[in-house]
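Examining the three-dimensional arrangement
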Number of protein chains: 2
Amino acid sequence: MSEHGTIVTMNVHELPTPAMVIDADLLQHNLGAMALARPGASLRPHVKAHKCTALAAQQRAHGHASFTCATPREVLGMVAAGLGDDLLLANEVLEPTRLTELAAAQAGARITIAVDSAETVDAAAAAGLREVLVDVNVGLPRCGCRPDDAGRVADLARGRGLTVRGVMGYEGHLMVMDDRDEQRAKVADSVDRLLLAHALTGGDIISAGGTGTYHLHDRVTEVQAGSYALMDTYYARMGTPFEQACFVIGTVVSATPRFAVADVGLKAMGMDHGNPTLETLDGQGADVWFLSDEHITFVPHAGVAAVGDRVRVIPAHIDPTMAMHEVAWLARGHEVIDRWPIDLRGW
Amino acid sequence: MSEHGTIVTMNVHELPTPAMVIDADLLQHNLGAMALARPGASLRPHVKAHKCTALAAQQRAHGHASFTCATPREVLGMVAAGLGDDLLLANEVLEPTRLTELAAAQAGARITIAVDSAETVDAAAAAGLREVLVDVNVGLPRCGCRPDDAGRVADLARGRGLTVRGVMGYEGHLMVMDDRDEQRAKVADSVDRLLLAHALTGGDIISAGGTGTYHLHDRVTEVQAGSYALMDTYYARMGTPFEQACFVIGTVVSATPRFAVADVGLKAMGMDHGNPTLETLDGQGADVWFLSDEHITFVPHAGVAAVGDRVRVIPAHIDPTMAMHEVAWLARGHEVIDRWPIDLRGW
């Protein structure tokens, strides 16, 4: 980083904590590994996992020009960042103001929105959106119409002048399973349902999958994986080729002979997948006792922590963790090489 | 709300969702009930629970001029909002840049910081801070020195030219206990430890407690409660006089005969205390199945939900929930009467 004409380098351990840090080399490894497995348009990276247009630009540099978004603000932010070639809002939206903003953004971007009911079709059409994907329930109890209802939803959309680009169906309940054969069989079932729906809707797109199942999808046109870029301890269980490329750096602010306390709390760490993992800088593990709003209480496996020590906290769920931070620091080794705003937060 | 000279009223059910809504009358009830129990300086409201200077201004209007903060940014935001009469940063901070910013803010505010070690004393003194409180471990395995070590920490602070205002000790592990007699006895033990420490440090302040124990503190000078203003389902278990004064409004975006899905997910809801509670607008409860990033899947107890229905989601933990939102809407009945930025987020 340059300041007043002088080169100023910053060490990650000079960052105020808690600090979200992305390892540039491991990120490139992950993006490269996925681009090899699913090149170009066969991957539609999901930006909800990082909410960062600078990171999305790296995904584009690896050949992926189409993206998946979870919120209207993610779509609008991607358009503003010049990444609007082909954006899918993979969730249903009813709110007229936001839909109208999305429709206005079509002047400089291609925007497709998920629909699964007459109401969501009507809302999209009324706002002036042009293209939809029929969202199909493939087994996860969440959004999506029944597979055998997809043709009706597509007809409703075409009746309102919308272009139906195809179908999507997210098998989120199958992302992390210990029995790989069972996972493979269940994913095949979910794709069967999606293909049944697609036979009823037509369109060029069959979109499914995520970081836990991207390697099981030879019958869809694209996969919506997001977590692969940065990873978390939940997906790490699956033994993917992706490395843990981000962590939150904390400082030990209090220490006793029995335990230590660092300044990475549950306002800096998504907690829905349970406690994060903590490592000291020499790579030693720790028993994490609990997190409070601003603190993590832990016992290092080897030796005692001292006030001022730095630690790395590895999220159990990357998506909500990124949404809690304003900025991520890109680092190579210990050197901070860039500052990436997490600019797609909110709705 | 007024716009272009015309009175424009907005209904809470016109808000884009997810929307954090505060019930103005229930908030006033809560603030009044606490001000009656602990008037003026006997309460030092904790702003970490709401991170909102507009709400802190209401607490000041109820007679409390001193506040507790959890992060440097909370302190600086309170100073900027003109609420800097007496701010306690109740956590240890080592980072020189942030401590220097706090020291600079002393020009227009009174700032006291927690210390529990030689390192935190040194950092505060080196940055130019003037006043400290000795943080004492009263049983919760987190920050704070041993009670019998408090005199040493106070002496270190005085040796560095710092004024020692007294002690604080947060019994966070005793906030919610089903056995009230056991709670009362354990809180008494924790106060014993704090008074032992205070005998060694001196100073005018003995600070402790929270929303779950505010009524058990007749031997301290002030209580640090925060959650009482807005409440959550965790503290509601304790049967306090405080009402649930905030909720996140969601819209049903997808529905089946078996379950429905609203747009309040785990990026809008602190999850460390488990799932939130969901009510339909007619006050019916629901079984909450699970939350995903942007969705809550639920089954209403009475009848079937329809796409477009609004629901209220009540947080299990208010503090991290507020930190996920940019704004809270103040409402009286169904009418939106103000927009409060949640302006103390981050570190």
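The structure displayed is predicted, hence computed values, not measured ones. (Residues numbered from 1 in each chain as written. Chains lettered and ligands numbered in written order. Predicted model: local features only at pLDDT ≥ 70, side-chain atom pairs only at ≥ 80, totals over all residues. Heavy atoms only, no water.)

1. Describing the confidence of the model for chain A
Note: predicted coordinates in regions of low pLDDT should not be interpreted at a detailed level. Our working definition: The predictor's confidence in any single residue is recorded as pLDDT, a number from 0 to 100.
Model confidence for chain A is summarised by a mean pLDDT of 96, while 98% of its residues fall at 70 or above. Across the whole predicted complex the pTM is 0.96, and at the interface the ipTM reaches 0.96.

2. A closer look at the relation of the copies chain B and chain A
Applying a rotation about an axis and a shift along it to one chain copy brings it onto the other copy. Rule in force here: Only residues with pLDDT of at least 70 in both copies count here: their C-alpha atoms drive the least-squares fit that superposes the copies. Residue contacts are counted whenever heavy atoms from the two residues lie within 4.5 Å of one another.
Turning chain B through 180° and shifting it by 0.0 Å along the axis lays it on chain A, with an RMSD of 0.0 Å. The superposition operator between the copies reduces to a two-fold rotation axis. Nearest to the rotation axis, the C-alpha of methionine 271 of chain B is located 3.0 Å from it, this being the minimum over chain B. A share of 100% of the interface residues of chain B reappears at the interface of chain A, consistent with the copies meeting face to face through the same patch.

3. Quick notes on the sheet that holds strand S8 (residues 131-135) of chain B
Residues and elements named next belong to chain B. For clarity, the threshold we go by: Two strands form a pair only when DSSP identifies at least two bridges running between them. Think of it this way: any DSSP run of H or I at least four residues long counts as a helix, any run of E at least two long counts as a strand, and we number them from the N terminus. Convention adopted: a line fitted to C-alpha atoms gives each axis, helices being fitted over their contacting stretch, and angles between N-to-C directions are expressed from 0 to 180 degrees.
Within the open sheet, the 7 strands sit side by side as S5-S6-S7-S8-S9-S10-S11. Their pairing is parallel. Both outer strands of the open sheet, strand S5 (66-69) and strand S11 (222-223), are each paired with one neighbouring strand and no more. Alignment of S5 against strand S6 (residues 86-89), held across 4 bridges, turns out to be parallel. In the strand pairing of S6, phenylalanine 67 is matched with leucine 87. Relative to strand S9 (residues 163-169), helix H7 (residues 180-201) is tilted by about 170°, and along the sheet it contacts S8, S9 and strand S10 (205-208).

4. Points about the interface of chain B and chain A
Stated formally: Once two parts are joined, some of their accessible surface, as seen by a 1.4 Å probe, is lost; buried area is that loss totalled over both. Here, a salt bridge means any Lys or Arg side-chain nitrogen found within 4 Å of an Asp or Glu carboxyl oxygen. Contacts described as polar in this section are N or O atom pairs within 3.5 Å, which, within protein, must combine one atom able to donate a hydrogen with one able to accept it, while residues neighboring in sequence count only if both atoms come from side chains.
Opposite the 52 residues of chain B that make contact, chain A presents 52 residues. Around 4100 Å² of area is buried between chain B and chain A when both sides are counted, 62% of it from carbon and sulfur atoms. Considering only the surface of chain B that becomes buried against chain A, Arg142, Lys267 and Trp347 of chain B emerge as the three largest contributors, covering 17% of it. Counting every contact that joins chain B to chain A gives 4 salt bridges. Across the chain B-chain A interface, the total number found is 16 residue pairs in polar contact (both at pLDDT 80 or more). Secondary-structure elements contributing two or more residues to the side of chain B that touches chain A are helix H5 (118-127), strand S12 (246-255), strand S15 (286-291) and helix H9 (318-323) of chain B. When residues of the side of chain B that touches chain A are assigned to their parent elements, the largest contribution, 4 residues, is made by S12 of chain B.

5. So, the state of the cysteines
Test applied: Disulfides are defined as pairs of cysteine sulfur atoms found within 2.5 Å of each other.
Taken as a whole and judged by the stated rule, the model has 0 disulfides over all chains. Counting only cysteine sulfurs, cysteine 145 of chain A is the nearest neighbor of cysteine 143 of chain A, a cysteine outside any disulfide, at a range of 11 Å.

6. Description of the domain arrangement of chain A
Interfaces are often sized by the amount of accessible area the parts lose when they come together. Residue and element names in this part refer to chain A. Selection criterion: Residue ranges labeled as domains rest on an automatic or database domain assignment. Note on residue categories: nonpolar means Ala, Val, Leu, Ile, Met, Phe, Trp, Tyr, Cys or Pro, charged means Asp, Glu, Lys or Arg, and polar means any other residue, Gly included.
Split into domains, chain A comes out as domain 1 (2-18 + 242-341) and domain 2 (25-230). Once you take the C-alpha centre of each, domain 1 and domain 2 turn out to be 32 Å apart. With 13 residues of domain 1 in contact, the opposing surface of domain 2 contributes 21 residues. The contact between domain 1 and domain 2 buries some 1500 Å² in all, and 64% of this surface belongs to carbon and sulfur atoms. Summed over the three residues of domain 1 that lose the most area to domain 2, namely Phe242, Asp319 and Trp340, the buried surface amounts to 45% of that side. At the junction of domain 1 and domain 2, the tally comes to 2 salt bridges. The shortest N-O distance in the salt bridge between aspartate 319 and lysine 48 comes to 2.9 Å. Along the contact surface separating domain 1 from domain 2 lie 5 residue pairs in polar contact (both at pLDDT 80 or more). Those elements that provide at least two residues to the side of domain 1 that touches domain 2 are helix H9 (318-323), strand S18 (327-332) and strand S19 (335-341). For the side of domain 1 that touches domain 2, the leading source of residues is H9, giving 4 residues. Tallied by class, the residues present in the side of domain 1 that touches domain 2 amount to 9 nonpolar, 1 polar and 3 charged.

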